[in-house]
Amino acid sequence: MALKGCLFDMDGVLVDSAKHHFVAWKRLAEELSIPFTEEDNHALKGLSRVDSLDRILRLGNMELNEATKLKLMHHKNEWYLNLIQGMRKEDILPGAAELIRELSDAGIGVGLGSSSKNAKLILDNVELSPFFKVVVDGNHITLSKPDPEVFLKGAQGLGVQPEECIVFEDAAAGVKAAKAGGFFAVGLGDPELLGAADIVKPDLKDVRLHDLTTWISV
Ligand code: B16
Ligand code: MG
């Protein structure tokens, strides 16, 4: 099968926004007197904002009504927006910009498939927006990862079939979503956590177009 498109998750694949999510969630958890560690934050990777809040509340055995949850998420997002407004192209993770430029030059469709509702802002700040033919993020989906909706919409936007398209993901829920949608999944990070991926690499540093075409045509 010829490679026609690539869909990138954002947090953990293109940029490390998890460190900013951690600062903002930690501040919220402290206000609620819920202990929240970096390890707890790792478990939120790829989850939507509301699913993340629910997990944190569970850590504190706390239940809140919808209105209060909305207010808390609004505060957390305000703090997070403050932190990400300083993101620049220097914050792009190793290899990501090089691969995206190479794909774009070769006429392979590049798209984003992120759970974040702030994805567009980050892509603009790090100057990657011009390379993305389609951006599907938390504002465009009704079902979050591991449901494949975000990637299926991405493939549709690129005008390619899932089997002609590679998904890059750093979270187990995202890899599951890619596989459920019929994509070739490249996991970035720990092979133990991302075992469901077709191939796992530590990052995008040495991943180039010729590697992708080899993987997908096997
Ligand atoms: P926001 P991704 C995800 O981004 C993050 O991994 C996850 O930690 C976050 O809760 C989610 O976006 C929602 O983000 O609060 O900005 O809408 O990995 O899917 O690009
Ligand atoms: Mg991610």
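Predicted model, so just to flag it, every value in this text is computed and none were measured.

1. Observations regarding the coordination of the magnesium ion (ligand 2)
Okay, so step 1: Looking at the magnesium ion (ligand 2), one finds its protein donor set to be Asp9 (OD), Asp11 (O) and Asp170 (OD), positioned 2.0 to 2.2 Å from the metal centre.
Okay, so step 2: You can call Asp9 buried: its relative accessible area is 5%.
Okay, so step 3: Relative accessible area serves as the criterion here: at 15%, Asp11 is assigned to the buried category.

2. Topic: unusual backbone geometry
Okay, so step 1: For the bond running from Lys145 to Pro146, omega is 20°, close enough to zero to count as cis.
Okay, so step 2: Along the chain, Pro146 falls in the loop between strand E3 (134–136) and helix H7 (149–158).
Okay, so step 3: Within the chain, Ser33 stands out as a residue other than glycine whose phi angle is a positive 55°.
Okay, so step 4: Examined against the element boundaries, Ser33 turns out to sit in the loop between helix H1 (18–31) and helix H2 (38–42).

3. With respect to the packing of aromatic side chains
Geometrically, a pair of aromatic rings is defined through the distance of the ring centres and the angle of the planes.
Okay, so step 1: Applying the stated rule across the entire model yields 5 aromatic pairs.
Okay, so step 2: Note on Phe8 and Phe132: the rings are 6.4 Å apart at their centroids and 75° apart in plane angle, and the pair reads as edge-to-face. Of this pair, Phe8 sits in strand E1 (residues 5–8) while Phe132 sits in the loop between helix H6 (119–125) and E3, and the two are 124 residues apart along the sequence.
Okay, so step 3: Taking 6.4 Å as the distance between ring centres and 15° as the angle between the ring planes, the aromatic pair formed by Phe184 and Trp215 counts as stacked. In this pair, Phe184 sits in strand E5 (residues 184–188) while Trp215 sits in helix H9 (residues 209–217), placing the two residues 31 residues apart along the sequence. When sorted by exposure, Phe184 lands in the same class as Trp215, which is buried.
Okay, so step 4: Through pairs of rings, three or more aromatic residues link up here, namely Phe8, Phe132 and Phe168.
Okay, so step 5: It is Lys76 that lies over the ring of Tyr80; its NZ or CZ is 4.5 Å from the centre.

4. A word on the site of ligand 1
Okay, so step 1: Around ligand 1 there are 18 residues in total, and Ser114, Ser115, Ser116, Lys117 and Asn118 lie nearest to it.
Okay, so step 2: Between ligand 1 and Leu44, the relevant distance is 3.4 Å, taken from an oxygen atom to a main-chain nitrogen or oxygen of the residue.
Okay, so step 3: In this structure, an oxygen atom belonging to ligand 1 sits 3.4 Å away from a side-chain N or O atom of Ser52.
Okay, so step 4: For ligand 1, the accessible surface in isolation is 470 Å², of which the surrounding protein chains cover 98%.

5. Focus on the packing of H1 against helix H4 (residues 66–84)
Okay, so step 1: Their axes nearest at 9 Å, the elements H1 and H4 cross at an angle of 145°. Between H1 and H4 the crossing geometry is right-handed. Between H1 and H4, the residues in contact are His20, His21, Val23, Ala24, Trp25, Arg27, Leu28 and Glu31 and Leu72, Lys76, Trp79, Tyr80, Leu83 and Ile84, respectively.
Okay, so step 2: Partitioned by chemical class, the residues of the contact of H1 with H4 number 9 nonpolar, 2 polar and 3 charged.

6. Topic: the sheet that holds E3
Sheet strands pair by backbone hydrogen bonding; their relative direction is either parallel or antiparallel.
Okay, so step 1: Here we have 6 strands laid out as an open sheet, ordered E3-E2-E1-E4-E5-E6, and parallel in their pairing. Every interior strand has two partners, whereas the edge strands, E3 and strand E6 (199–201), have only one. Across the sheet, the mean angle separating the axes of adjacent strands is 20° when strand polarity is ignored.
Okay, so step 2: Judged from the 3 bridges that link them, strand E2 (residues 109–113) and E3 form a sheet pairing that is parallel. When the sheet's bridge partners are listed, Leu112 is paired in E3 with Val135.
Okay, so step 3: Along the sheet, helix H8 (residues 172–180) makes contact with strand E4 (165–169) and E5, crossing E5 at roughly 170°.

7. A closer look at the domain arrangement of the protein
Many structure descriptions define interface size as the accessible area lost when the parts assemble.
Okay, so step 1: Assigned domains of the protein: these are domain 1 (5–16 + 90–217) and domain 2 (18–84).
Okay, so step 2: Placing a centre on the C-alpha atoms of domain 1 and another on those of domain 2 gives a separation of 25 Å.
Okay, so step 3: On the domain 2 side, the residues contacting the 12 residues of domain 1 number 14 residues.
Okay, so step 4: Summing the contributions of domain 1 and of domain 2, the shared interface buries around 1100 Å²; its carbon and sulfur component is 46%.
Okay, so step 5: Looking only at domain 1, the three residues that lose the most surface to domain 2 are Asp11, Asp16 and Asn118, adding up to 38% of its buried area.
Okay, so step 6: Inspection of the domain 1/domain 2 interface yields 5 residue pairs in polar contact (both at pLDDT 80 or more).
Okay, so step 7: When grouped by side-chain class, the residues that make up the side of domain 1 that touches domain 2 number 3 nonpolar, 4 polar and 5 charged.

What counts as what
- Residues numbered from 1 in each chain as written.
- Chains lettered and ligands numbered in written order.
- Predicted model: local features only at pLDDT ≥ 70, side-chain atom pairs only at ≥ 80, totals over all residues.
- Heavy atoms only, no water.
- Donors = N, O, S within 2.8 Å, 3.2 Å for Na, K, Ca; no water.
- Buried < 20%, exposed > 50% of the residue type's maximum accessible area, 1.4 Å probe, protein only.
- Helix = DSSP H or I, 4+ residues; strand = E, 2+ residues; numbered from the N terminus.
- Phe/Tyr/Trp six-rings, centres within 6.5 Å; stacked < 30°, edge-to-face > 60°.
- Lys NZ or Arg CZ within 6 Å of the ring centre and 35° of its normal.
- Near = heavy atom within 4 Å.
- Polar contact = N/O pair within 3.5 Å; in protein donor to acceptor, adjacent residues only side chain to side chain.
- Areas by Shrake-Rupley, 256 points an atom, 1.4 Å probe, with all protein chains shown as cover.
- Axes fitted to C-alpha atoms, helices over the stretch in contact; angles between N-to-C directions.
- Left-handed = near helix turned anticlockwise from the far one by under 90°.
- Contact = heavy atoms within 4.5 Å.
- Nonpolar A, V, L, I, M, F, W, Y, C, P; charged D, E, K, R; others polar.
- Pairing = 2+ DSSP bridges.
- Domains from an automatic or database assignment.
- Buried area = accessible area lost by both parts, 1.4 Å probe.

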